[in-house]
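# Coordinate analysis (summary)
Residues per chain are reported as follows:
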Amino acid sequence: MIKLKSPREIALMRDAGRVVARALDQVRRMAVPGVSTSEMDEAVAAIFKDHDALPLFKGYPNSTKGKPAFPAFICASVNDAVVHGIPTRRPLQEGDIVSVDTGCKINGWCGDAAVTLAIGEVRPEIQKLLDVTSQTLELSIRAMARCTLWSEVAALMEKYVKSQGMYVIEKFVGHGIGQDMHEDPQVPNFVSKALRKNDIRLEPGVVLAIEPMVALGTKNVDTLNDHWTVVTKDRRASAHFEHTVAMTPQGPRVLTFLED
Ligand code: MG
């Protein structure tokens, strides 16, 4: 069941979204050769602490029973890693890409966003992957202004990625968000069977974390033996962009952009 949010609740979610945006902006400014994802993690932890924001990722339970909880404030997924990468002390190198995903809760309300960053100069096909993935997120938000159902938006996202010769990851999807980071509904970046049966009506009060994951060579993924990091099966690059977006009577409103 989708919990609709009031304008007041959406304003509270914007407070959390703003801090998430600040955290990702800081990470973006750190993204140069030689930096480690652990340093990015520490910077985000400090920003959350400054704002009395509750980190949502650290301690997040593993979906496999008995496996370790997530150990960090950000997911940092490098190159062939799609999502859920664990920060490390390894310095990033020129030509790498890193997807950084993070979330926090302030006064009981959540924000969640992700961005993929190029480290120095990247190969043209990698730059194109970043452009296509961020454009997929942007086109989805624009489409929410005129579409009635999420399946119409998902179809556009899928079509665009395919038209660029790339692949939408299907194993992971976006989600409703509010007082919990993960609420109903699931928000696929393609027209899934579940969506066909049970579509999402884009009405005011619906708040979704929209997060296309796109890969160069395959939609298939593996999970590494750290029980978190998801990589592409062909080990080619993958990118991930995410915003928390609220439907309002005036149309979609991004809650995780930097400043009003
Ligand atoms: Mg998310």
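A brief structural summary. Just so it is clear, the model here is predicted, and its values are computed rather than measured.

## Considering helix H2 (residues 37-50)
- Here H2 spans 20 Å end to end across 14 residues, near enough to the 20 Å set by a 1.5 Å rise per residue.
- The complete set of buried residues in H2 reads Thr 37, Ser 38, Met 40, Asp 41, Ala 43, Val 44, Ala 45, Ile 47 and Phe 48.
- Trailing H2 by a residue or two, Asp 52 shows a phi angle of about 55°, which is positive.

## Remarks on unusual backbone geometry
- At the junction of Asp 184 and Pro 185, the peptide bond is cis and its omega measures out at 0° in the coordinates.
- Along the chain, Pro 185 falls in strand S8 (residues 183-187).
- Here His 84, not a glycine, exhibits a phi torsion of approximately 65°, which is positive.
- Checked against the element boundaries, His 84 lands in the loop between strand S3 (81-83) and strand S4 (97-106).

## Looking at the sheet that holds S8
- One open sheet accounts for five strands, arranged S8-S7-S9-S14-S15; its pairing is antiparallel. Each having just a single partner strand, S8 and strand S15 (251-254) make up the two edges of the open sheet. Direction aside, neighbouring strands of the sheet carry axes that sit 25° apart on average.
- Pairing analysis gives four bridges linking strand S9 (residues 207-210) to strand S14 (residues 243-248), with the strands arranged antiparallel. In the strand pairing of S14, Leu 208 is matched with Val 245.
- In this fold helix H1 (residues 7-30) packs onto S9, S14 and S15, with an angle of close to 160° to the strand it touches most, S14.

## Focus: the pattern of salt bridges
- Under the defined criterion, the tally for this structure stands at twelve salt bridges.
- Taking the shortest distance from any N to any O, the salt bridge between Arg 22 and Glu 259 comes out at 3.5 Å. Of this pair, Arg 22 sits in helix H1 while Glu 259 sits in the segment after S15, and the two are 237 residues apart along the sequence.
- Between Glu 125 and Arg 123 there is a salt bridge, with its nearest N and O atoms 2.7 Å apart.
- Among the charged side chains, a salt-bridge network with shared partners connects Asp 25, Arg 28 and Arg 29.

## Remarks on the nonpolar core
- Core analysis: the biggest nonpolar cluster contains 65 residues, and Met 40, Val 98, Met 144 and Trp 150 have the highest contact counts within it.
- Look past the residues within four positions of Trp 150 in its chain and what remains in contact with it is Ser 140, Met 144, Met 157, Val 187, Pro 188, Leu 195, Asp 199, Ile 200, Leu 202, Leu 208 and Ile 210.
- Ranked by size, the runner-up nonpolar core spans 17 residues in total, among them Ile 10, Met 13, Leu 56 and Ala 209.

## Focus on the packing of aromatic side chains
- Taken as a whole and assessed by the stated rule, the structure comprises one aromatic pair.
- The interplanar angle of 85° and the centroid separation of 5.1 Å between the aromatic rings of Phe 70 and Trp 228 together place this pair among those described as edge-to-face. Of this pair, Phe 70 sits in the loop between strand S1 (54-55) and strand S2 (74-78) while Trp 228 sits in the loop between strand S11 (221-223) and strand S12 (230-232), and the two are 158 residues apart along the sequence.
- Here Phe 70 falls in the buried class, since its relative accessible area comes to 4%.
- Assessed through its relative accessible area of 10%, Trp 228 is described here as buried.
- One cation-aromatic arrangement involves Arg 14 over Phe 257; the distance from NZ or CZ to the ring centre is 4.1 Å.

## Overview of the pairing of S9
- Residues Val 207 and Ala 209 line one face of S9 and the alternating positions Leu 208 and Ile 210 line the opposite face, and both faces are buried.
- Across two bridges, strand S7 (residues 174-176) lies against S9 in antiparallel orientation. Opposite His 175, over in S9, you have Ala 209 as the bridge partner.

## A closer look at the coordination of the magnesium ion
- Protein coordination at the magnesium ion: the donors are Asp 112 (OD), His 175 (NE2), Glu 211 (OE) and Glu 242 (OE), at 2.2 to 2.4 Å from the metal.
- Counting residues between consecutive donors of the magnesium ion along the chain gives the motif D-x62-H-x35-E-x30-E. Separated by 36 residues along the polypeptide, His 175 in strand S7 and Glu 211 in the loop between S9 and strand S10 (213-215) bring together distant segments of the chain.
- Glu 211 sits in the buried class, given a relative accessible area of 6%.

Quick notes on the rules
Residues numbered from 1 in each chain as written. Predicted model: local features only at pLDDT ≥ 70, side-chain atom pairs only at ≥ 80, totals over all residues. Heavy atoms only, no water. Helix = DSSP H or I, 4+ residues; strand = E, 2+ residues; numbered from the N terminus. Expected span 1.5 Å × (residues − 1). Buried < 20%, exposed > 50% of the residue type's maximum accessible area, 1.4 Å probe, protein only. Pairing = 2+ DSSP bridges. Axes fitted to C-alpha atoms, helices over the stretch in contact; angles between N-to-C directions. Contact = heavy atoms within 4.5 Å. Salt bridge = Lys/Arg side-chain N within 4 Å of Asp/Glu carboxyl O. Core = buried A, V, L, I, M, F, W, Y, C linked by side-chain atoms within 4.5 Å. Phe/Tyr/Trp six-rings, centres within 6.5 Å; stacked < 30°, edge-to-face > 60°. Lys NZ or Arg CZ within 6 Å of the ring centre and 35° of its normal. Donors = N, O, S within 2.8 Å, 3.2 Å for Na, K, Ca; no water.

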